[in-house]
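# Topology and contacts: notes
Given next are the chains, with one letter for each unit.
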Amino acid sequence: MASIAACSSPGIVPKQEHGEDPMQIDSNAPEQRHINRVPEGLLLTDYLRIYYGKLFPYMDMFKWLSYGNADGKHPGCDSSYFGRREFSFTIKSDRDEIYLRFQSFSNASEMESAIKAKCPTKIDIGAVYTVDPAKRHAYAQSGFSPVERELIFDIDITDYDDVRYCCSGADICSDCWPLMTIAIKVIDTALREDFGFNHILWVFSGRRGVHCWVCDSRARRLSKEQRSAIADYFNVYKGGENSLKKVTFSGPLHPSLARAYTDVLKHYFEEKWISTQKLFEHEERFHKILQLIPDESVVSELAGKWQGSRLEHVNSVRWDQLKHMLQSGSKKTQGLRRCIEEIVFSYTYPRIDIQVTKGMNHLLKAPFCVHPGTGRVCVPIDPNNCEQFDPTSVPTLAQLLEELNANASIGTDNYMEKTSLGLSVNFFRTSFLEPLFKTCKEELESAYNTKIQQSKDSLNW
Amino acid sequence: MEIVRSQRRNGSDGSAGAASLPLYKSAPSLEVRLEEFERCAIDRLRVLKAISDGLSRGKKPEEMDNLVGELWRANMKHQDVDETLRKDIISHFALRLVYCREEEMRRWFLSMETTLFRYRFRLQNAEAQKSIMNELQLQYNVLSHAEYETLKDKLIQAARSVNSTSNPETVFYKVPFEDVPDLVAGRRVFLLKGFAFVPRNQVVSLVCTIFRSNISKALALTNRKWRATIHDQEKDRLAPIVEALGNSYLGPDYSQPRECAEISLKDINQLASSSFPLCMRHLFGKLKEDHHLKHGGRMQLGLFLKGVGLKLEDALAFWRAEFSQKVGAERFDKEYAYSIRHNYGKEGKRTDYTPYSCQKIIMSTPSTGDHHGCPFRHFSEENLRAALNKMGVGGRAMDDIMDKVRNRHYQLACTLTFEATHAASCETGINHPNQYFVESRKIFQSKILVRMLITIV
Ligand code: SF4
Ligand SMILES: [Zn+2]
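Note that the structure is a prediction, hence the values are computed from the model and not measured.

It is worth spelling out the overall build of chain B at this point. On a plain count of helices and strands, chain B comes out with 22 helices and 4 strands. Burial analysis of chain B (457 residues in total) assigns 49% to the buried set. Looking at chain B alone, contacts between residues at least 24 apart form 69% of all its contacts between residues at least 6 apart. Accessible area of chain B: about 22900 Å², with a carbon and sulfur share of 49%.

This is the structure we're talking about:
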């Protein structure tokens, strides 16, 4: 394996402040595991410095967050737009962590130099404000408040810990990650079909969840109340720690939930979740399910049946028994009618952090940041192929730098293309940025034309 | 004009016409006397404040409906529709001035007014609702028959998901989802490509969104006027008081209810008429009238006064001032002063007598010449009505109170009386005259500044 130290391109060698060879990264390991984490002894910031120096897609981020306003030639552009956006940096020094809020940049190169200089371990993106957030104090009187903000979603797999038996906390595996896949599918479809949004960016959060950025102008201009409404629309799993039943349907499913159920949840729950999580094999697990059935006679009959010997395919057999029981003519009473759906929703329906979605000035980690714990890059996820996304094969910083070294001799100045980050950035550009940019231009154009038309009209009067 | 008037009158039997629900688009050019201005503003404030209380206590929608209905009837409704309308408009614009100044106040006023409007809109008949929608320029398209047919299944499914029993609507409005946030939040409408399909019976949500945004803009405008001209013109008169109001009204009254530890003699008349429960109010009135009370009455009232914070010296002065008019100061000092000191534990066994609870008062057995006891239990219906009337209770509240009395729920009747006279709910119920007093003070202390302001206007 190539080492950075031996690399022919000295420009990308991290500064050696610790006198250790950064390349003693277990070079005999057969697989890629060794590059999943930033190696001991080497500061994350050393790696980050190279990442921000050579790889971070500044222009793409700038183009995205300008929403067509950066093109100074068009008279309809608002040249102050990008400069009114809040960024915040988390900077790690030796001991402490510094959190810098209300950073702002008037253009791409200002942003680039600031990031390179400060080398933040995390970059968050906030709202667009009435005025440049850096000068907010000067405008405190006339009002400093957020005016635009992408509609955002934050889904974290730790919020599913009560139904996830394979892992807990920050851990994920290929058995439970599909919960995130389901969340992407369900929310993405609803955002497009129900709300009519088109410019939606899904991003891996770097360890155990996903973020969603809805970037349509209509989404960016939503009020707090409207954001709350959307958050509540998706908020099916609720109820406090002290309530057993978190999902309750009083009537037939709303069309949006019915679609989620038949297209995604039901299939996944029955085919995958009950067997990977062995939901009916262990008494304590199936009791948890039985608790969701508000009919004691049904519960005790099923619990009785499930005592003792384990048969083959115990999980699917027992689930079928449960379904049969709840659907059989006699028991098909009002109360139990929705029980099967309630169980499936309890275990699989997306659990969003509603506070994040509701707020206008909530900060959310920028795409293409590097998760300081895992070293993985927060890459975009294609919602149309989200089943294929494997969080364990997302490039890490160390891996990217190795690739950079390995391909150093390839004759191009585009460092990104030399690494697997290139794929992610390309996806970002072609599937998200270009269509978004096109729409922004059209909207700017038509808004400008209407304005011209209006002023003409008023002159005529 | 004559016709409009009579039509309006015709609709006045509960199901008033559109004109009975104004949209407060522009300030009226009415001649308003100061007293009227003050009374209107306070009455509306009672309604809004109680709505706020109800919401903050997490009352359910149906409970809120009842609450708002009750409050409106008790505080705003007049037999004459035109009078009610006039009061409605005057009070709204008065409070708009009071609440325009700061973000937090605007937000509070806005959401209380919207809640009130929502309730009142729902009570309008279809015709009136339609004319309000026109007036608000709600230019939404009704779904064509062809469109309805293609979406029918989903529309019915969405309706049944929230209410599986009701008859499905066939008239739907197609509106941007942004305009009906509450319907989106509750998944009460079908959504397709950014449009919400609002059934006719849910149209109130739409109307409220527009109403809210209109009032919000109007408040911002009033605020600008306030800053630009009114504030300067009223620099020495109105402005300081409005500012004081902003700091104190919405702030501490909930969170830190201040129990008044002491009352002074000069305030006692005022307190009696605003914050004494009926039993004490009656004793107090009789004492002033007859300059005398028999033993049972002296005990009941005396201990109550001790409980509300009247010091012994003041208590002696108070009783002496009354009794001496009838029996002379000398005889008072000789015969009656002792028992008052006794009540304060200064004589005899020196035990500290505690004020009587409702239960004790209700169980007491007053006889001829006695005025103590609980009026809800011991008064005839006729006398009770008269007494309540004097407290300003009437209409529906009166009926509800008499209902409780007939069912022997005296303390509940007392609680309702409290609520009707304070325009605030009393969640715990009344079980002690002194508790009644403390609760009452909490509410009035928060209102005092408002009264000051309005008097000055
Ligand atoms: S219920 Fe209690 S407080 Fe109310 S009037 Fe009767 S005795 Fe007085
Ligand atoms: Zn797992």
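Looking only at helices and strands, one finds 15 helices and 9 strands in chain A. Taking all 461 residues of chain A together, 53% fall into the buried category. Sequence separation of at least 24 residues holds for 68% of the intrachain contacts in chain A that already meet a minimum separation of 6. Working note: accessible area of chain A is about 21100 Å², and carbon and sulfur atoms make up 48% of it.

Now for the coordination of the zinc ion (ligand 2). Residues and elements named next belong to chain A. Within the first shell, the zinc ion (ligand 2) binds the protein through Cys-166 (SG), Cys-167 (SG), Cys-173 (SG) and Cys-176 (SG), at distances of 2.2 to 2.3 Å. Around the zinc ion (ligand 2) sit 4 donor atoms, and with donor-metal-donor angles ranging over 103 to 119° the site reads as tetrahedral. Every donor residue of the zinc ion (ligand 2) comes from the same chain, spaced as C-C-x5-C-x2-C. A relative accessible area of 32% means that Cys-166 is categorised as partly exposed. Using a relative accessible area of 12% as the deciding quantity, one classes Cys-167 as buried.

Further remarks concern the confidence of the model for chain A. Of the residues in chain A, 86% reach a pLDDT of 70 or more, and the chain-wide mean stands at 85. The model gives residues 1-36 of chain A a pLDDT under 50, and that stretch makes 56 contacts with residues more than four places away or in other chains.

This part is about helix α2 (residues 58-66) of chain A. Residues and elements named next belong to chain A. Counting buried positions over the 9 residues of α2 gives 7, a clear majority of the element. Taken residue by residue, α2 has Tyr-58, Asp-60, Met-61, Phe-62, Trp-64, Leu-65 and Ser-66 as its buried positions. Immediately downstream of α2, the backbone of Tyr-67 shows phi near 50°, a positive value.

Take the nonpolar core next. Of all hydrophobic cores here, the largest spans 194 residues; its most connected members are Tyr-51, Trp-64, Leu-191, Phe-234, Ile-293 and Leu-322 of chain A. If we skip the residues at most four places from it in the chain, Trp-64 of chain A touches Ile-125, Glu-150, Leu-201, Trp-213, Cys-215, Pro-367, Phe-428, Phe-432, Leu-433 and Leu-436 of chain A. One finds Cys-279, Tyr-356, Val-393 and Cys-426 of chain B within the second-largest nonpolar core, a separate group that totals 57 residues.

Below, the discussion takes up the site of ligand 1. Near ligand 1 the following residues occur: Pro-277, Cys-279, Cys-358, Ile-361, Cys-374, Phe-376, Cys-414 and Pro-433 of chain B. In the shell around ligand 1, the residues fall into 8 nonpolar, no polar and no charged.

This brings us to the UniProt feature "binding site: [4Fe-4S] cluster" (unreviewed entry) in chain B. Residues and elements named next belong to chain B. Taking the numbering used here, the UniProt-annotated feature "binding site: [4Fe-4S] cluster" (unreviewed entry) corresponds to Cys-279, Cys-358, Cys-374 and Cys-414. A maximum C-alpha distance of 9.8 Å is found for the annotated residues, which run over 136 residues; spatially they form one tight group. Topologically, Cys-279 is positioned in helix α13 (residues 278-290). For Cys-279, a relative accessible area of 8% corresponds to the buried category.

In this section: the packing of helix α9 (residues 296-305) of chain A against helix α10 (residues 314-327) of chain A. All names here are of chain A. Two numbers describe how α9 lies on α10: the axes approach to 11 Å, and their chain directions differ by 150°. Taken together, α9 and α10 sit at an angle that is classed as roughly antiparallel. Between α9 and α10 lies a crossing of right-handed hand. Contacts between α9 and α10 involve Val-298, Glu-301, Leu-302 and Lys-305 from the first element and Gln-321, Leu-322, Met-325 and Leu-326 from the second.

Right, let's talk about the pairing of strand β2 (residues 172-176) of chain B for a bit. The two faces of a sheet get side chains in turn, since along a regular strand they alternate between them. Residue and element names in this part refer to chain B. Here strand β1 (residues 141-142) runs beside β2; their pairing, made up of 2 bridges, is antiparallel. Residue pairing across strands places Asn-141 opposite Lys-174, the latter belonging to β2. In this sheet, strand β4 (residues 195-199) lies alongside β2 in antiparallel orientation, the contact comprising 5 bridges. Counterpart to Phe-172 in the pairing with β4 is Pro-199.

All names here are of chain A. Within the element layout of this structure, Glu-387 appears in the loop between β9 (380-381) and α14 (397-406). Note: C-alpha distance between Glu-387 and Trp-177 (210 residues apart in sequence) is 9.5 Å. Those residues within four positions of Glu-387 in sequence are excluded, and the remaining contacts are Thr-181 and Lys-185.

Residue and element names in this part refer to chain A. Ordered by their spatial adjacency, 4 strands build an open sheet running β5-β7-β6-β9, and the pairing between neighbours is antiparallel. Taken across any chain shown, the strands that pair with only one partner, and hence form the sheet edges, are β5 (151-156) and β9. Of the pairings in the sheet, the one linking strand β6 (residues 200-204) to strand β7 (residues 209-214) comprises 5 bridges and is antiparallel in character. Looking at the pairing, Trp-202 lines up with Cys-212 of β7. Relative to the sheet, helix α4 (residues 178-193) contacts β5, β6, β7 and β9, its axis offset from that of β6 by approximately 170°.

Quick look at the sheet that holds β4 of chain B now. Within the open sheet, the 4 strands sit side by side as β1-β2-β4-β3 (chain B). Their pairing is antiparallel. Both edges of this open sheet fall to β1 and β3 (190-192) of chain B, since each of them pairs with a single strand only.

Negative phi characterises most residues that are not glycine, and trans characterises most peptide bonds. Unusually for a residue other than glycine, Phe-368 of chain A sits at a positive phi of about 70°. Considering the arrangement of structural elements, one finds Phe-368 of chain A in the loop between β8 (364-365) and β9. Although it is not a glycine, Tyr-24 of chain B adopts a positive phi angle of roughly 55°. Structurally, the position occupied by Tyr-24 of chain B is in the loop between α1 (2-10) and α2 (34-56). Exposure remark for Tyr-24 of chain B: the relative accessible area of 7% places this residue in the buried category.

All names here are of chain A. Within this structure, the stated rule accounts for 55 aromatic pairs over all chains. With 5.5 Å between their ring centres and 90° between their planes, Phe-153 and Phe-234 make a pair best called edge-to-face. Residue Phe-153 is located in strand β5, and its partner Phe-234 is located in the loop between α6 (224-233) and α7 (255-276); the two are separated by 81 residues in the primary sequence. Of the two residues, Phe-153 and Phe-234, neither departs from the other in class, the shared state being buried. Relative to Trp-319, the ring of Phe-280 has its centre 6.2 Å away and its plane inclined at 45°; by these criteria the two rings are tilted. Of this pair, Phe-280 sits in the loop between α7 and α8 (283-290) while Trp-319 sits in helix α10; the two residues are 39 residues apart in sequence, bridging distant segments of the chain.

The next thing to look at is the side chain of Ser-66 of chain A. Residue and element names in this part refer to chain A. If you trace the backbone, Ser-66 turns up in helix α2. With a relative accessible area of 2%, Ser-66 lands in the buried category. Apart from residues no more than four positions distant in its own chain, Ser-66 is found in contact with Tyr-81 and Phe-82.

Bringing the pattern of salt bridges into the picture now. Under the counting rule described, the total for this entry stands at 42 salt bridges over all chains. We note a salt bridge from Glu-112 of chain A to Lys-116 of chain A, for which the minimum N-O separation is 2.6 Å. Of this pair, Glu-112 of chain A and Lys-116 of chain A both sit in helix α3 (residues 108-118), 4 residues apart, which is roughly one turn of the helix. Its relative accessible area of 25% is what places Glu-112 of chain A among the partly exposed residues. Classification of Lys-116 of chain A by relative accessible area gives partly exposed; the value is 33%. The network of salt bridges with common partners includes Arg-44, Asp-88, Glu-113 and Arg-120 of chain B.

The rules behind these values
- Residues numbered from 1 in each chain as written.
- Chains lettered and ligands numbered in written order.
- Predicted model: local features only at pLDDT ≥ 70, side-chain atom pairs only at ≥ 80, totals over all residues.
- Heavy atoms only, no water.
- Helix = DSSP H or I, 4+ residues; strand = E, 2+ residues; numbered from the N terminus.
- Buried < 20%, exposed > 50% of the residue type's maximum accessible area, 1.4 Å probe, protein only.
- Contact = heavy atoms within 4.5 Å.
- Areas by Shrake-Rupley, 256 points an atom, 1.4 Å probe, with all protein chains shown as cover.
- Donors = N, O, S within 2.8 Å, 3.2 Å for Na, K, Ca; no water.
- Tetrahedral: all angles 85-135°; square planar, octahedral: opposite > 155°, others 65-115°.
- pLDDT = per-residue confidence, 0-100.
- Core = buried A, V, L, I, M, F, W, Y, C linked by side-chain atoms within 4.5 Å.
- Near = heavy atom within 4 Å.
- Nonpolar A, V, L, I, M, F, W, Y, C, P; charged D, E, K, R; others polar.
- UniProt positions renumbered as here; feature names shortened; annotations may be inferred.
- Axes fitted to C-alpha atoms, helices over the stretch in contact; angles between N-to-C directions.
- Parallel < 35°, antiparallel > 145°, perpendicular 65-115°, else oblique.
- Left-handed = near helix turned anticlockwise from the far one by under 90°.
- Pairing = 2+ DSSP bridges.
- Phe/Tyr/Trp six-rings, centres within 6.5 Å; stacked < 30°, edge-to-face > 60°.
- Salt bridge = Lys/Arg side-chain N within 4 Å of Asp/Glu carboxyl O.

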